[in-house]
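Given next are the chains, with one letter for each unit.
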Amino acid sequence: MNFYGYKRSDGRAGIRNHVLILPTCACGSETARIVASQVRGAVNIIFNTGCSDVQANTDMSQKILTGFACNPNVFGVVIIGLGCETVPHNKLCEKIQSMTNKPVVSFGIQDEGGTLKTIEKAVRAARELAAEAGLQQKELCDVSELLLGIECGGSDATSGLASNPAVGNLSDKLVDLGASTLMSESIEWIGGEHVLAKRAATPEIHNQIIKICADYEAHLKAAGQDCRAGQPTPGNKFGGLSTIDEKSLGCIRKGGTRPIVEVLEQAQRPTKRGALVMDTAGYDISSVTSMVATGCNAIIFTTGRGTPTGNAIVPVLKVTANAQTFSRMEDNLDVNLSEILDGTLTIDGAGDLLLQKISDVLNGRLTKAEAYGFSDIAVDHVCRFV
Amino acid sequence: MTNAILLDERDNVATCTTPATKGDTIKILGGREISCVEDIPIWHKVALRKISCGEKVFKYGEIIGEASRDIVAGGWVSHENIFSVPRDYSSEMI
């Protein structure tokens, strides 16, 4: 299952060719939005961090920003900074240029003398990048260049029974073809971590998976918090999921059954191919943000309750096995897998269907969230703002 | 027509695939039946036998929680009557 994509000089393949307008901090976000609205082919994100932060949070923000810029779906980057943020635009620009040789330019609102002057220069720069991006031809890319992010959000009991096993089947099929898949949301391994750890390719990976869950609980406990107070969410409970354990045992099925060959920190670029896992929050928007920064070029997202979410850089394909949810929210959901629970579609058959749907997205078919231009992000924090 | 799914023989709950009303006979995939003793929403769990306070609740063949009060056979199992038990991570290391 090869696909037509955009080959990047670092060897990776994009399935989109965006010009990314990237704010360094919250204060640059509105200017970035206006610049993107002026140029066809440009996308922007709204960034809520980047200033008044402790070092660990700054490190996380920088990993997300540089990871977004390096994502293979991005052709070039226009950075919009303010001038007094923790890491100024020219420093971020230098850092990104040291990681990739795609075109990157940057502007600072204080240096330029306000937003209008910045917008004028940044729109010209973005226009030139978009014009240049239009000349890049799609080429046949090997399926091994696919890194599929696997996410779930707004889960109910149908997720663990049907849509997650179906996506797990897809993951197995892709790994067998030579592609990589990445499952995250480590707080939603808790209660099922002993089952997930059985998939570890080595004893070290087995223990890494257990330790991530232990550390997650300990981290929250140190702040006087209990992960079980926020998980499951009220919507999960209404949808029939009573404990974090029950939710997790359903969640981990979306990762399939193949050996886990690498455990990643948030936004860390993989060094191996195959089934991968990453330590992220269970908050779906934050988890997708970290998967995009890691370099996922496509994301599949299961839901039971229904969600509109999308990402500016990476297409998010949403699937549900809840027939009522699909009929209520069809305009936000891409694939209906409810026949699994009617007993008329097997998990293997659903995996085949999803393989075709993902193939279409890789080759350019817009997902619904992508067609609407949705661009949710949430940057994980390890500590309060200061 | 079945209207509940049993995932593993060790489980003491099944997941309703249609809403169940008190007095209904719930037909479980695989052939078993249980009489429903209270209304249960779609996708929620029915107890397949009496689950006593303090007893573990199994789904997927794994522990999903512990009963915080007695649950009768055919009763609704939810976040109101089961809770998550802390993990013993150190025992899981190899």
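Residues numbered from 1 in each chain as written. Chains lettered and ligands numbered in written order. Predicted model: local features only at pLDDT ≥ 70, side-chain atom pairs only at ≥ 80, totals over all residues.

## Here's the deal with the packing of helix H2 (residues 55–70) of chain A against helix H3 (residues 89–99) of chain A
All names here are of chain A. Look at H2 against H3: their axes get within 10 Å of each other, and the N-to-C directions meet at 50°. Considering the angle they form, H2 stands oblique to H3. Here the hand of the crossing between H2 and H3 comes out right-handed. Residues Leu65, Thr66, Ala69 and Cys70 of H2 lie in contact with H3, whose contacting residues are Leu92, Lys95, Ile96 and Met99. (Axes fitted to C-alpha atoms, helices over the stretch in contact; angles between N-to-C directions. Helix = DSSP H or I, 4+ residues; strand = E, 2+ residues; numbered from the N terminus. Parallel < 35°, antiparallel > 145°, perpendicular 65-115°, else oblique. Left-handed = near helix turned anticlockwise from the far one by under 90°. Contact = placed C-beta atoms within 7 Å.)

## Comments concerning the domain arrangement of chain A
All names here are of chain A. Segmentation of chain A into domains returns domain 1 (18–133) and domain 2 (143–371). Taking only C-alpha atoms into account, the centre of domain 1 sits 29 Å from that of domain 2. On the side of domain 2, 11 residues touch domain 1, which itself brings 15 residues to the contact. Within the residue set of the side of domain 1 that touches domain 2, elements represented by two or more residues are strand S3 (18–23), strand S4 (42–44) and H2. The dominant element in the side of domain 1 that touches domain 2, judged by the number of residues it contributes, is H2, at six residues. Considering only residue class, the side of domain 1 that touches domain 2 consists of nine nonpolar, five polar and one charged. (Domains from an automatic or database assignment. Nonpolar A, V, L, I, M, F, W, Y, C, P; charged D, E, K, R; others polar.)

## Some remarks on helix H5 (residues 115–133) of chain A
All names here are of chain A. Over its 19 residues, H5 extends 26 Å from the first C-alpha to the last, a length consistent with the 27 Å expected when each residue adds 1.5 Å. The set of residues buried in H5 consists of Thr118, Ile119, Ala122, Ala125, Ala126 and Leu129. The buried residues of H5 all sit within an arc of 140° when viewed along its axis, so they share a single face. Residues of H5 that are buried make contact with S3, helix H1 (29–38), S4, strand S5 (74–81), strand S6 (104–108) and helix H4 (109–112). (Expected span 1.5 Å × (residues − 1). Buried ≥ 20, exposed ≤ 12 C-beta atoms within 10 Å, placed from the backbone. Arc of directions from axis to C-beta.)

## Some details on the interface of chain B and chain A
On the chain A side, the residues contacting the 23 residues of chain B number 27 residues. When residues of the side of chain B that touches chain A are traced back to their parent elements, those giving at least two are strand S7 (62–67) and strand S9 (82–83) of chain B. By residue class, the composition of the side of chain B that touches chain A is 11 nonpolar, seven polar and five charged.

## Things to note about the sheet that holds S4(A)
Residue and element names in this part refer to chain A. The four strands lie next to each other as S4-S3-S5-S6, forming an open sheet whose pairing is parallel. One side of each edge strand has no neighbouring strand; the edge strands of this open sheet are S4 and S6. Across this sheet, the average inter-strand angle for adjacent strands is 20°, counted without regard to direction. Across three bridges, the pairing between S3 and S4 is parallel. Bridge pairing in S4 places Leu20 opposite Val43. (Pairing = 2+ DSSP bridges.)

## What to know about the pairing of strand S13 (residues 316–320) of chain A
All names here are of chain A. Counting buried positions along S13 gives five out of five residues, so the element sits mostly inside the fold. Burial along S13 is two-sided: Val316, Lys318 and Thr320 facing one way and Leu317 and Val319 facing the other are all buried. Two elements, strand S12 (residues 298–303) and S13, share five bridges in a ladder whose sense is parallel. The partner of Thr302 across the bridge, within S13, is Val319. In the sheet, S13 pairs with strand S14 (residues 335–336) via two bridges, with the strands oriented parallel. The partner of Thr320 across the bridge, within S14, is Asn336. At this point the chain moves from S13, through helix H13 (residues 323–328), to the parallel S14, and the crossover so formed is right-handed. (Right-handed = clockwise from strand over helix to strand, strands pointing away.)

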